[in-house]
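Structural characterization, general
Listed here are the chains, written in short residue letters.
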Amino acid sequence: MDMKLELVAVPVTDVDRAKDFYAERVGFVLDHDHTVSDEIRFVQLTPPGSACSIAIGKGLTEIVPGGLDNLQMVVADADAIRAELVGRGVEASEVDEQPWGRFVHFSDPDGNRWSLQELPPWSAGAGGDGVDPGA
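Keep in mind the model is a prediction, meaning the values are calculated, not measured.

Considerations on the sheet that holds strand 4 (residues 53-58)
A sheet is described by the order of its strands in space; here 4 strands give the open sequence 1-4-3-2, paired in mixed fashion. Each of the sheet's edge strands pairs with one partner strand only, and the pair in question is strand 1 (7-9) and strand 2 (29-35). Each neighbouring strand pair of the sheet contributes to a mean axis angle of 20°, computed without reference to strand direction. For strand 1 and strand 4, the ladder comprises 3 bridges, and the chain directions are parallel. Its bridge partner being in strand 4, Leu7 is matched across the sheet by Ser53. Across the sheet, helix 1 (residues 15-26) is in contact with strand 2, strand 3 (41-46) and strand 4; its angle to strand 3 comes to roughly 10°.

Now the structure itself:
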C-alpha cells in the first residue's frame, strides 16, 4: 500500500511574515491562504517540484514556533540553490560536504531549521545503484 507524505505543518508566530519568507525569499509556490475563522487561518505553500507542501497559519498545530528541526529537501545542485537563496536575502550556510551528500542549511524567521541535500552520484535517488563505492 502506498503512503504519500503531502503536508507538513510548520509552526510560526507571524503568519504574514512567514508567508513572505517562504514565498518571496525561499521561492515556494503559494497555493492557498484561507481564513476559516478568527481561530483558524490556513496557508499552504509548495516547494517547486515537490509533491509535499507545508502549512503555516493559525490554529493548525500545537508545536511551538521554531520547534521543527531539520526539515529536509533534496536539490539537484547545492551550490546553485545556496546562491539563489542568498541572492533572495536568505541567510544560508556554506555548502557542507559529507560522504552522503552536500548540504545547505537555513532557518525561517521563527527558527524552524531546513536542510537542502544534493545527493551523491551513487545514490539511487540520484540515478545511481545505491551502493557507496567507498563503503
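With respect to the pairing of strand 7 (residues 101-107)
With 5 of 7 residues buried, strand 7 lies mostly within the body of the structure. Where strand 6 (residues 96-98) meets strand 7, 3 bridges bridge the pair, whose relative direction is antiparallel. From the neighbouring strand, Gln98 faces strand 7, where its bridge partner is Gly101. Here strand 6 hands over to strand 7 after 2 residues, the two strands then running antiparallel side by side. Inspection of the sheet shows strand 7 paired to strand 8 (residues 113-118) by 6 bridges, in the antiparallel sense.

Some words on helix 2 (residues 78-87)
Looking only at helix 2, the buried set comprises Ala78, Ile81, Arg82 and Leu85. The buried residues of helix 2 all sit within an arc of 100° when viewed along its axis, so they share a single face. Those residues of helix 2 that are buried are in contact with helix 1, strand 5 (71-75), strand 7 and strand 8. Two or three places before Asp79, at the start of helix 2, stands the capping residue Asp77, its side-chain oxygen 2.9 Å from that residue's backbone nitrogen. Backbone geometry just downstream of helix 2 places Gly89 in the positive-phi region, at approximately 90°.

Digging into the pattern of salt bridges
Counted according to the given criterion, the structure contains 10 salt bridges. A salt bridge links Asp33 to Lys19; its shortest N-O distance comes to 2.7 Å. Pair noted here: Asp33 is in strand 2 and Lys19 is in helix 1, with a separation of 14 residues, a long-range link. Arg102 is paired through a salt bridge with Glu118; the nearest N and O atoms lie 2.8 Å apart. Taken together, the positions of Arg102 in strand 7 and Glu118 in strand 8 put the pair 16 residues apart, joining distant regions of the chain. Of the two residues, Arg102 and Glu118, both sit in the buried class. Overlapping salt bridges, with partners in common, bring together Asp16, Lys19, Asp33 and Arg41 in one network.

The rules behind these values
Residues numbered from 1 in each chain as written. Predicted model: local features only at pLDDT ≥ 70, side-chain atom pairs only at ≥ 80, totals over all residues. Heavy atoms only, no water. Pairing = 2+ DSSP bridges. Helix = DSSP H or I, 4+ residues; strand = E, 2+ residues; numbered from the N terminus. Axes fitted to C-alpha atoms, helices over the stretch in contact; angles between N-to-C directions. Contact = heavy atoms within 4.5 Å. Buried < 20%, exposed > 50% of the residue type's maximum accessible area, 1.4 Å probe, protein only. Arc of directions from axis to C-beta. Polar contact = N/O pair within 3.5 Å; in protein donor to acceptor, adjacent residues only side chain to side chain. Salt bridge = Lys/Arg side-chain N within 4 Å of Asp/Glu carboxyl O.

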